[in-house]
Amino acid sequence: MGAVRQYVFPTVRIIIWAVIAAALVALALKGADLDPPDALQPTGEITESVIPVAKGSVTNAVTVPASVVADPPVEIKATADGVIAEIQVDDRSVDKDVRVLWIKTEEPVEPVVEVDEESGEETVTEQEPKVTWTSAVAPISGTVDVTVLKDQAVTVGETIGTVNPGTLSVSGTLTADQQYRLVGAKGTAEVTLKGGPAPFTCTGLTIGEAPAGSATGGEDAMVEMGEAPEAATGAVRCSIPPKVKAFSGLGAEIEITNGNAKGVVVVPISAVLGTSQTGKVWTVAKEGAEPKPREVTLGLTDGLQVEITKGLKPGEEILEFTPIDDGTEGGVDCDDSAAYDQASMEGDIDAMQAFEEECFG
């Protein structure tokens, strides 16, 4: 019995552990066979979204962050060479075209020469100079500030004073996209003052060039997000009516509506290469057919969809997203030469072709 305990039992345990170990190895090897021939082969396919062309309505309304600013003084110009003879208005309010001062201009007159017939002696009589009085008037209504003195000599076009209108305007800057959408806009706009009265209509809407070095609103937020502020390419301004109480420096929003169209052909802006005047879409003749580019004429846009005035009919099918990835939203930026260079380096033929068609003719 002692021999059984000493030799037989240990041998049996060794055999049992060997069987268990062999079974575990076999199980591990069998479970690791997870790579059958077709296990890593793709089973799906990428399809391009196709949408039908339909009619709809579009309102081209642009909202611009702005602020209330004081209208600058308007200069009074001298309208003649001469000296300041009399200042009639200074440091007080006047209406437009009220005389502010007189300018006296003296022109020499040739002396009169008389000859005595008997003696031949000449007598020269000096003549009084010719005097002309010219008035300078206020170009606008406001408070006059004369910046010249009586008897001071002035020349035509010289600034001799200013008129402060004492009025306020709302001013903001525009991005290139907004500027394109506001081509031809004029007249009025809707203004909302932050913390102020109800929205009101401002008049004398003007759109022009942006001040040098200016950027669009929201610069601080963009910097916090690690993005560079978008450079402003245009500026918008309109006058606040006198009855509206406002203060210089108040924040505001200007909403400009530049057109409204109903029952027109519209498509998502994602489907169009280009954002203003002309563009390109990709039509699909039938299911499974190769998309083909087509030139279209663009109308109004609200930033989400754009009117197609020529080139598409309701019922036709187009790609929902342009197949050309040019690094921009809605079109090629012809001023971004770095994007074209990058496409050239990467051999992106589609992007290069988009740049060449849009920017190089």
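Quick caveat, the model's predicted, so the values are computed rather than measured.

> What am I meant to see in the overall build of the protein here?
Of regular secondary structure, the protein possesses five helices and 21 strands. Residues classed as buried in the protein amount to 28% of the 361 residues present. Considering only contacts within the protein whose residues lie at least 6 apart along the sequence, 70% involve residues at least 24 apart.

> Just checking my understanding: could you explain the sheet that holds strand E12 (residues 159-164) for this structure?
Hydrogen bonds along the backbone pair up the strands of a sheet, which may run parallel or antiparallel. With antiparallel pairing, the four strands of this open sheet are ordered in space as E3-E12-E10-E5. With one partner strand each, in any of the chains shown, strand E3 (74-77) and strand E5 (93-94) form the two edges of the open sheet. Of the strand pairs in this sheet, E5 and strand E10 (residues 142-146) are connected by two bridges, and their pairing is antiparallel. Bridging from a neighbouring strand, Ser93 pairs with Thr143 of E10.

> Looking at this model, I keep getting lost on the confidence of the model for the protein. Mind explaining?
Parts of the model with low pLDDT should not have their predicted coordinates read in detail. Within the protein, residue pLDDT values average 83, and 74% of them lie at 70 or more. Throughout residues 218-227 the model reports pLDDT below 50, and contacts reaching past four residues in sequence, or to other chains, amount to six contacts. This stretch, residues 326-330, has a pLDDT under 50; its non-local contacts, to residues over four places away or in other chains, come to 10 contacts.

> Is there a simple way to explain the state of the cysteines in this structure?
The term disulfide refers to a covalent linkage connecting the sulfur atoms of a pair of cysteines. A complete count under the given rule lists one disulfide for this structure. Put simply, Cys202 and Cys238 are joined by a disulfide, and their sulfur atoms are 1.9 Å apart. One quick way to see it: the torsion about the S-S bond of Cys202 and Cys238 is about -85°, and its sign makes the bridge left-handed. Linking Cys202 in strand E15 (residues 200-209) with Cys238 in strand E16 (residues 234-239), this pair joins segments that are 36 residues apart in sequence. By the burial criterion, Cys202 is buried, and Cys238 matches it.

> Mind showing me how you'd approach the sheet that holds strand E6 (residues 99-107) here?
Read from one edge of the open sheet, four strands run E9-E6-E4-E11, paired in antiparallel fashion. Looking at strand neighbours, the two that pair on one side only are strand E9 (130-137) and strand E11 (153-154), the edges of this open sheet. With four bridges connecting them, strand E4 (residues 82-87) and E6 associate as antiparallel partners. Within the sheet, the bridge partner assigned to Ile84 lies in E6 and is Ile103.

> Sorry if this is basic, but what is going on with the environment of Asp302 here?
Among the structural elements, Asp302 can be located in the loop between strand E19 (292-301) and strand E20 (305-310). Asp302 sits in the partly exposed class, given a relative accessible area of 28%. Linking Asp302 and Thr257, residues 45 residues apart in sequence, is a C-alpha distance of 9.9 Å. For Asp302, the contacting residues outside a window of four places in its chain are Val58, Thr59 and Arg181. Within polar-contact distance, the side chain of Asp302 engages the backbone nitrogen of Leu304 at 2.9 Å. Side-chain polar atoms of Asp302 contact the backbone nitrogen of Gln305, separated by 2.8 Å.

> Explain the environment of Glu86 here, please?
In this fold, Glu86 is placed in strand E4. Taking the C-alpha atoms as reference, Glu86 lies 6.3 Å from Lys150; in sequence the two are 64 residues apart.

> I'm lost on a negative patch on the surface in this one. Help?
On the surface, a cluster of negative charge is made up of Asp116, Glu117, Glu118 and Glu121. Position of Glu121 among the secondary structure elements: in the loop between strand E7 (112-115) and strand E8 (122-125).

> Explain the nonpolar core here, please?
One recurring pattern in soluble globular proteins is that nonpolar side chains are buried together. Counting residues in each nonpolar core, the largest one holds 23 residues, and the members touching the most others are Val191, Leu193, Ile240, Ile254 and Ile256. Secondary-structure elements contributing two or more residues to this core are strand E2 (54-70), strand E13 (168-174), strand E14 (187-193), E15, E16 and strand E17 (251-268). Looking at which element gives the most residues to this core, the answer is E2, with four residues. With near-sequence residues (within four places) excluded, Val191 lies in contact with Val170, Pro199, Phe200, Cys202, Cys238, Ala252, Glu253 and Ile254. Val89, Leu101, Ile103 and Val144 belong to the second largest nonpolar core, which has 16 residues in total.

Analysis parameters
Residues numbered from 1 in each chain as written. Predicted model: local features only at pLDDT ≥ 70, side-chain atom pairs only at ≥ 80, totals over all residues. Heavy atoms only, no water. Helix = DSSP H or I, 4+ residues; strand = E, 2+ residues; numbered from the N terminus. Buried < 20%, exposed > 50% of the residue type's maximum accessible area, 1.4 Å probe, protein only. Contact = heavy atoms within 4.5 Å. Pairing = 2+ DSSP bridges. pLDDT = per-residue confidence, 0-100. Disulfide = S-S within 2.5 Å. Polar contact = N/O pair within 3.5 Å; in protein donor to acceptor, adjacent residues only side chain to side chain. Patch = residues over 30% accessible without salt bridge, like charges linked within 9 Å, V, L, I, M, F, W, Y side chains within 5 Å. Areas by Shrake-Rupley, 256 points an atom, 1.4 Å probe, with all protein chains shown as cover. Salt bridge = Lys/Arg side-chain N within 4 Å of Asp/Glu carboxyl O. Lys, Arg positive; Asp, Glu negative; His and termini not counted. Charge placed at Lys NZ, Arg CZ, Asp CG, Glu CD. Core = buried A, V, L, I, M, F, W, Y, C linked by side-chain atoms within 4.5 Å.

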